[in-house]
Amino acid sequence: MSLGYVSLPGRGANDRFLAQVAARLQDRDLKLAGTVQTNIERADRTKCDMDIVVLPDGPVLRISDDRGNLARGCRLDAGVLEQAVAGVSRAMPGADLLIVNKFGKQEAEGRGMAPLIAEALERNLPVLLGVNGLNLPAFQTFAGGLETALAADIDQVVEWCVSAGCHLHEPAG
């Protein structure tokens, strides 16, 4: 069972890192399922828009709810997240690796991508995900000691994927 995670400091750092890892793995013909996130800054808002790409090739879904500059609390559109979960579920049977952009509050409560993470692990499908410091204790409880903390080094994470059982191919060309 291979469950690796990154927990990088800074707003959006996990998202940018995992998107780069996914691109590198796709360049090597690895079959991916999961999600990567892009954060889009807006001049008229204090908070960014959050879009996720359902791997391997879309769709792109806006998972943030624009509730205005003064809104507090969670901005996640749980209904759109469930659309993403359904897309990831369809892609998992042919995948070599599951990437989940964030183990967040939904996952900590057993919703969102949590059931797919558990299913992937049961199938011996390696899982790579991002975890922020706030959700790290809940993730560690979920993982039950089976998790591997990975360094913020793309080459090392790709190597982890290889050693976790992913069969990478050299890019054509």
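Residues numbered from 1 in each chain as written. Predicted model: local features only at pLDDT ≥ 70, side-chain atom pairs only at ≥ 80, totals over all residues. Heavy atoms only, no water.

- The protein carries the name DUF2478 domain-containing protein in an unreviewed UniProt entry, which gives Paracoccus angustae as its organism.

## Concerning the nonpolar core
Turning to step 1, where the next piece is worked out: Core analysis: the largest hydrophobic core is formed by 29 residues, its most contacted members being Leu98, Met113, Ile117 and Leu129.
Turning to step 2, where the next piece is worked out: Among the secondary structure elements, those contributing two or more residues to this core are β1 (3-6), β3 (49-55), α2 (78-91), β5 (97-100), α4 (114-122), β6 (127-130) and α5 (136-143).
Turning to step 3, where the next piece is worked out: For this core, the element with the most residues is α2, which contributes five residues.
Turning to step 4, where the next piece is worked out: Setting aside residues no more than four positions away along its own chain, Ile117 makes contact with Leu3, Leu98, Val100, Phe103, Val127, Leu129 and Phe142.
Turning to step 5, where the next piece is worked out: Core analysis: the second largest hydrophobic core is formed by 22 residues, Val21, Leu30, Leu32 and Leu55 among them. (Core = buried A, V, L, I, M, F, W, Y, C linked by side-chain atoms within 4.5 Å. Buried < 20%, exposed > 50% of the residue type's maximum accessible area, 1.4 Å probe, protein only. Helix = DSSP H or I, 4+ residues; strand = E, 2+ residues; numbered from the N terminus. Contact = heavy atoms within 4.5 Å.)

## Here's the deal with the pattern of salt bridges
Turning to step 1, where the next piece is worked out: Using the criterion set out here, one finds four salt bridges in the structure.
Turning to step 2, where the next piece is worked out: With its nearest N and O atoms 2.6 Å apart, the salt bridge here joins Arg24 to Asp155. Here Arg24 is found in helix α1 (residues 13-27), whereas its partner Asp155 is found in helix α6 (residues 154-163), with 131 residues between them in sequence.
Turning to step 3, where the next piece is worked out: Given the relative accessible area of 33%, Arg24 is considered partly exposed.
Turning to step 4, where the next piece is worked out: We classify Asp155 as exposed; its relative accessible area is 51%. (Salt bridge = Lys/Arg side-chain N within 4 Å of Asp/Glu carboxyl O.)

## Concerning the side chain of Thr35
Turning to step 1, where the next piece is worked out: As for its placement among the helices and strands, Thr35 is situated in strand β2 (residues 32-40).
Turning to step 2, where the next piece is worked out: Only 2.6 Å separates the side chain of Thr35 from the side chain of Asn101, close enough to count as a polar contact.
Turning to step 3, where the next piece is worked out: Excluding its chain neighbours within four sequence positions, the residues that come into contact with Thr35 are Ile52, Val53, Val54, Leu55, Ala84, Val88, Ile99, Val100, Asn101 and Met113. (Polar contact = N/O pair within 3.5 Å; in protein donor to acceptor, adjacent residues only side chain to side chain.)

## Here we look at the packing of aromatic side chains
Turning to step 1, where the next piece is worked out: Per the stated rule, a full pass over the model turns up three aromatic pairs.
Turning to step 2, where the next piece is worked out: Between Phe103 and Phe139, the ring centres sit 5.2 Å apart and the planes meet at 65°, which makes this aromatic pair edge-to-face. Pair noted here: Phe103 is in the loop between β5 and α3 (105-108) and Phe139 is in helix α5, with a separation of 36 residues, a long-range link.
Turning to step 3, where the next piece is worked out: Here the aromatic cluster, defined as three or more aromatic residues joined through ring pairs, consists of Tyr5, Phe103, Phe139 and Phe142. (Phe/Tyr/Trp six-rings, centres within 6.5 Å; stacked < 30°, edge-to-face > 60°.)

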